[in-house]
Amino acid sequence: MAQPTHDLASEKEARDVAEAARESEWAQPSFLRELFLGRFRFDLIHPHPAFDPEEEARAKPFMDALREIMERVDSDAIDREGNIPESLVQELRDIGAFGIKIPREYGGLGLSQTSYIRAIGMVTSKDGSLTALLSAHQSIGLPQPLKLFGTEEQKKKYFPRLAKGAISAFALTEVDAGSDPANLQTTATPSEDGKYFILNGKKLWTTNGTRAELILVMARTPDVIVNGKPKKQITAFIVETDWPGVEVEHRCHFMGLNAIENGVLRFDNVKVPRENILWGEGKGLKLALITLNTGRLTLPASAAYAAKQMVRVSREWSNERVQWGTPIGKHEAVAQKLAHMAAHAFAMEAIAELSSAMADRGGYDIRLEAAIAKMWNTEAGWRIVDDTLQIRGGRGYETADSLRERGERAIPVERAMRDFRINLIFEGSSEIMRLFIAREAVDWHFKTAFDVVNPEATRKERLAALARSVKFYPKWYTTRWIGGFNSYSEFGRLAPHLRYIERTTRKLGRAIFHAMVRLGPKLEKRQMVLFRAVDIGAELFAMSAACSRAQMLAGRGNANAVELANVFCRESRLRIADHFRHLFGPNDASLYRLSQGVLKGDYEWLEEGIVRMEGGEVESREQKAESSETLVGR
Ligand SMILES: Cc1cc2nc3c(=O)[nH]c(=O)nc-3n(C[C@H](O)[C@H](O)[C@H](O)COP(=O)(O)OP(=O)(O)OC[C@H]3O[C@@H](n4cnc5c(N)ncnc54)[C@H](O)[C@@H]3O)c2cc1C
C-alpha cells in the first residue's frame, strides 16, 4: 500500500525520540504481553482481587465525607456557570480529596490506587468537571510523578502542600506536540552559573493550569551528543505559578466539562532552580510516559462509573416510560440496549478494578493493561452514554435546566454526553493507545526475528536473528496449535468462555506471527491490521476480567453476576470472530487509496453546496493586544 512520503526525516526523528523514551524492558510479568504471544496466563489475574477490608475501613470516613459532599453539589449550576466555587474546592481540600494517594507521613490520606479510583468514580458519576479537577491533580499532576521519581527533599517540600490542596497540573501538550509529545518546543536553557534553567515557551490545554499553584512542565534541555549525533533531551521541571514570567494566556472552553480550569500557559524567561528537575536531565519524556501508564488507570474507572449511572438512568426510564401501551424497556430494541449496557458496564468495572488492584499489589508490569483499560472502557462507555441518550429520546437531548423549568426530572444525560466524549482523546487517544499496544504486542517478534527480514540489518545481525528464531519458533509455534487443555470446570456456566479465551489466545499469537511473516517490515505501517489484533487482545482481556470478577462475586452471593459475564462474553466473542474474519482487511487498500484521493482534493466536488461552518479570521495575541491598545488610545 502506498504511504505518504512527506517529511520522512521528522517522522523518523519523532519515532526515534519516542522509542528512546519507551520502557523497553519487561522486568515484571505482564498478562497482556503473554496474551499477545499466544499464552493465556490466567494465573496472573485470577482470582479477581477481593477488596482488602482494612483498606476499606481506612477509606470509609473519607468516602462517606465525599459522598455527603457529592450528594449536595449542584452540578448543573457548575456546568451552567462554568465554575467550581472556591468554597466547594475548600471543602474537598478539608476532607483530603487532593491527597488521596499521598503517603500519610507527608500529610496525605495514604489510600490505595483502588480506593482512589472508587472515589474518583463516585465523583464522575455526578460531575465530570470535578473529576477533571481532582484527577488532573492526582493522576497526572505533581503527586503521582513526585511519588515515583521525586527525591526525599522534593517529597518533603511538595507533598504536604499538595495534600493540603495546592492544585497541580501536568503540562506536556503544545500546539505542535499533541499525540507526538517528542515534538515539543518549550525550552529550558541552563543559566551561566548552572544553578537555574531559563524556561521559555507555551503549553496548550493544561488542565487545572488556570488555577494551579504547581505545574510539572516538560521542556527541551540542550541536546547531548551520542555517537557523534545530537540527541534530543526532554526534562521535567516543577514550576511554581507565582514565579515571575508564568502567565495564563487564555482559558480554554470545550464541548463539555464546562468548569474545567484548562488553559494556555506562557513561560517568559522563568528562572527554575536546578533542584526542581524531577528524576533527571533528559528523562522528562520517559517520566511523562511512565506517569501516564498509571495515571491512565483513572479514566477506565471514571468511564465505568459513568456507565453505572447510565444503567441506572436507563433502567428507571425504561420502566417508567410507556409508549405503544408498554414500558419502553419491553420493546426489543430498547431491551437489547439495556442488556448490552448492563453487561458492558459490568465488564468495564471488572477491568478498572482489576487493573488498579494489580497496580496496588505490585509485581506486575501493567502498562498494557492500563492502556487497554483506558481505550476499551472509554469506547464502551461512549456507546453506553449514546444508548442512554437514545433511550431517553427527546429528553436525552434536552438540557437538565430546560427539563427542570418545564417541571420534569432534571436528568442530565445531555451533560453526561458532552462531558464524556473527551475521554477518547486525552491521556492518549484511542488511536495512540492502539499504536502503543500494537508496538508492545509485536515487540517479542521484532526483537527475536525482525532482523531476518529487515533490509537495514547487517549480515551479522541477520544471522543472529536467524539463530534466535531457530531456537525459539519451532517449539513456540507448535505449542500455539496444541496445548493447554484446561477444563475450567470450577467456572460452571462460564467454563466454555474460559476454554474459548485459552484457545483464542493461541490463535491470536499465531495470527500476529503470520502477519509478521506475511507483511515483514511493512507490518509496522499497517495500522488497521495491527489494530484488529489489538482489539482481539482487548476483548480477550475484558472477557477474562469479567469471568474472574463474576466468579468472585458469585462466591459472595451475587449469583446473577455470572449472567452478566455470560452475556458479555457472548457479545465479545462475536466481535472477536469479526476481527479475525477481517484481520487483513479486504478493503484496507481501497480505503487507503480513496482517503489519499480525498486528501488531494480529487473529490472536492462532493462538498459542493455547503457553506463553511468556521467563521472569522484568526486574530493573533499580538493583534488582539494592538487592537485593544488602539481602543484605549481613542
Ligand atoms: C479538555 C482537554 C484537557 C487536556 N488536558 C491536558 C493536560 O492536562 N496536560 C496535557 O499535557 N495535555 C492535555 N490535553 C491534551 C491532550 O492530551 C491531547 O489533546 C491529546 O494528546 C491529543 O493531541 P491532539 O489533540 O493534538 O491531537 P493530534 O495529535 O493532532 O491527533 C489528531 C488525530 O489524529 C490521530 N493520530 C495522531 N497521530 C496518529 C498516528 N501516529 N496514528 C494514527 N492516528 C494518529 C489522533 O488519535 C487524533 O484522532 C488536554 C486536551 C483536552 C481537549
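Placed above this text is the structure.
Residues numbered from 1 in each chain as written. Predicted model: local features only at pLDDT ≥ 70, side-chain atom pairs only at ≥ 80, totals over all residues. Heavy atoms only, no water.

**Q** Would you mind showing me how to read the overall build of the protein chain here?
**A** Helix and strand counts for the protein chain stand at 24 helices and 10 strands. Since a compact globule built from 634 residues should have a radius of gyration of about 26 Å, the 26 Å found for the protein chain is in line with a globular shape. Seen through its principal axes, the protein chain has C-alpha atoms that stretch 80 × 75 × 65 Å. If you take every contact in the protein chain between residues at least 6 apart in sequence, the share linking residues at least 24 apart comes to 75%. Roughly 30300 Å² of accessible area belongs to the protein chain as shown, and the carbon and sulfur atoms make up 54% of that amount. Distance from the positive charge centre (88 side chains) to the negative charge centre (85 side chains) of the protein chain: 7 Å. (Helix = DSSP H or I, 4+ residues; strand = E, 2+ residues; numbered from the N terminus. Rg over C-alpha atoms; globule rule 2.2 N^0.38 Å. Contact = heavy atoms within 4.5 Å. Areas by Shrake-Rupley, 256 points an atom, 1.4 Å probe, with all protein chains shown as cover. Lys, Arg positive; Asp, Glu negative; His and termini not counted. Charge placed at Lys NZ, Arg CZ, Asp CG, Glu CD.)

**Q** Explain the site of the ligand to me, please; I cannot follow it from the model alone.
**A** Around the ligand there are 18 residues in total, and F170, T173, S179, S429 and E431 lie nearest to it. A distance of 2.7 Å separates a nitrogen atom of the ligand from a polar backbone atom of F170. At 2.6 Å from an oxygen atom of the ligand is found a side-chain nitrogen or oxygen belonging to S179. Within the complex, 69% of the 970 Å² of free accessible area of the ligand lies under protein. Among the elements of the structure, β3 (196-207) and α17 (430-441) are those that each provide at least two residues to the shell around the ligand. Per-element tally for the shell around the ligand: the top contributor is α17, with 3 residues. Its residues assigned to classes, the shell around the ligand comprises 9 nonpolar, 7 polar and 2 charged. (Near = heavy atom within 4 Å. Polar contact = N/O pair within 3.5 Å; in protein donor to acceptor, adjacent residues only side chain to side chain. Nonpolar A, V, L, I, M, F, W, Y, C, P; charged D, E, K, R; others polar.)

**Q** What's the story with unusual backbone geometry in this structure? I'm lost.
**A** Note on backbone geometry: most residues besides glycine have negative phi, and most peptide bonds are trans. Cis geometry is found at the peptide bond from H46 to P47, where omega equals 0 degrees. Here P47 shows up in the loop between α2 (31-36) and α3 (53-72). Positive phi, close to 60 degrees, is recorded for W205, a residue that is not glycine. Inspection of the secondary structure assignment puts W205 in strand β3. By relative accessible area, W205 is classed as partly exposed at 48%. Of note, the phi angle at W279 is positive, near 75 degrees, even though the residue is not glycine. Of note, W279 is situated in the loop between β8 (277-278) and α10 (284-295). (Buried < 20%, exposed > 50% of the residue type's maximum accessible area, 1.4 Å probe, protein only.)

**Q** I tried to follow the nonpolar core on my own but got confused; where do I start?
**A** Nonpolar side chains tend toward joint burial in soluble globular proteins. Counting 100 residues, the largest nonpolar core has W376, I437, L508 and F568 as its most contacted members. With sequence-adjacent residues up to four places away left out, I437 is seen in contact with F36, L368, A371, I372, M375 and V534. (Core = buried A, V, L, I, M, F, W, Y, C linked by side-chain atoms within 4.5 Å.)

**Q** Sorry if this is basic, but what is going on with the environment of I482 here?
**A** Positionally, I482 belongs in the loop between α19 (459-479) and α20 (495-519). Considering only alpha carbons, one finds I482 and R506, 24 residues apart in sequence, at a separation of 8.6 Å.

**Q** Sorry if this is basic, but what is going on with the pattern of salt bridges here?
**A** Opposite charge on two side chains lets them pair, provided their charged atoms get close. Within this structure, the stated rule accounts for 47 salt bridges. With a closest N to O distance of 3.2 Å, D76 and R415 form a salt bridge. Taken together, the residues span a long stretch of sequence, with D76 in helix α4 (residues 75-81) and R415 in helix α16 (residues 413-420) at a distance of 339 residues. Of the two residues, D76 and R415, neither departs from the other in class, the shared state being buried. (Salt bridge = Lys/Arg side-chain N within 4 Å of Asp/Glu carboxyl O.)

**Q** Got a minute to help me understand helix α22 (residues 561-581) in this structure?
**A** Under the 1.5 Å per step criterion, the end-to-end length of α22 is 30 Å for 21 residues, consistent within 8% with the ideal 30 Å. Inspection of α22 places A561, V562, A565, N566, F568, C569, S572, I576, H579 and F580 among the buried residues, and these make up the whole buried set. For α22, the buried positions fall inside an angular range of 165 degrees around the axis, keeping them on one side. Exposed residues pointing more than 90 degrees away from the buried face of α22 are listed as R570, L574 and R581. Considering only its buried residues, α22 is in contact with α12 (332-361), α13 (367-392), α20 and α21 (527-555). (Expected span 1.5 Å × (residues − 1). Arc of directions from axis to C-beta.)

**Q** Looking at this structure, how should I read α16?
**A** Each turn of an α-helix holds 3.6 residues, which means side chains three or four residues apart point in the same direction. With 7 of 8 residues buried, α16 is to be regarded as a mostly interior element. Along α16, the residues classified as buried are V413, E414, R415, M417, R418, D419 and F420. Lining the buried residues of α16 we find α4, α7 (128-140), α11 (298-320), α13 and α14 (394-397).

**Q** How do you make sense of the packing of α12 against α22 when you look at a structure like this?
**A** Any two packed helices are characterised by how steeply their axes cross, that is the angle between the axes, and by the distance between the axes. Running from N to C, α12 and α22 point in directions that differ by 95 degrees, and their axes come no closer than 8 Å. Taken together, α12 and α22 sit at an angle that is classed as roughly perpendicular. Facing H340, A342, A343, H344, F346 and A347 of α12, the residues of α22 in contact are A561, L564, A565, V567, F568, E571 and R575. A per-class count over the contact of α12 with α22 returns 9 nonpolar, 2 polar and 2 charged. (Axes fitted to C-alpha atoms, helices over the stretch in contact; angles between N-to-C directions. Parallel < 35°, antiparallel > 145°, perpendicular 65-115°, else oblique.)

**Q** Explanation requested: the packing of aromatic side chains in the structure shown.
**A** What characterises a pair of aromatic rings is the spacing of the ring centres plus the angle enclosed by the ring planes. Summed over the entire model, instances satisfying the criterion amount to 22 aromatic pairs. A ring pair is formed by F40 and F42, whose centres lie 5.2 Å apart and whose planes are at 20 degrees; its orientation type is stacked. For the pair F40 and F42, one class covers both residues: buried. Ring geometry for Y106 and F159: centres 5.1 Å apart, planes at 45 degrees, overall tilted. (Phe/Tyr/Trp six-rings, centres within 6.5 Å; stacked < 30°, edge-to-face > 60°.)

**Q** Sorry if this is basic, but what is going on with the packing of α11 against α13 here?
**A** Direction vectors running N to C along α11 and α13 enclose 20 degrees, while the axes themselves pass 9 Å from each other. Relative to α13, the element α11 lies roughly parallel. For the crossing formed where α11 meets α13, the hand is left-handed. Contact residues: α11 offers L299, P300, A303, A307, M310, V313, S314, W317 and S318, while α13 offers A373, K374, N377, T378, I384, V385, T388, I391 and R392. Of the residues in the contact of α11 with α13, the class split is 11 nonpolar, 5 polar and 2 charged. (Left-handed = near helix turned anticlockwise from the far one by under 90°.)

**Q** Explain the pairing of β3 to me, please; I cannot follow it from the model alone.
**A** Every other side chain in a regular strand lies on the same face of the sheet, so the side chains alternate between the two faces. Pairing geometry for strand β2 (residues 187-190) and β3, over 4 bridges, is antiparallel. Of the residues in β3, the one forming a bridge with T187 is N200. The turn joining β2 and β3, which pair antiparallel and follow one another in sequence, is formed by 5 residues; a positive phi near 75 degrees is taken by G194. Two elements, β3 and strand β7 (residues 262-273), share 9 bridges in a ladder whose sense is antiparallel. If you follow I198 over to β7, its bridge partner there is K271. (Pairing = 2+ DSSP bridges.)

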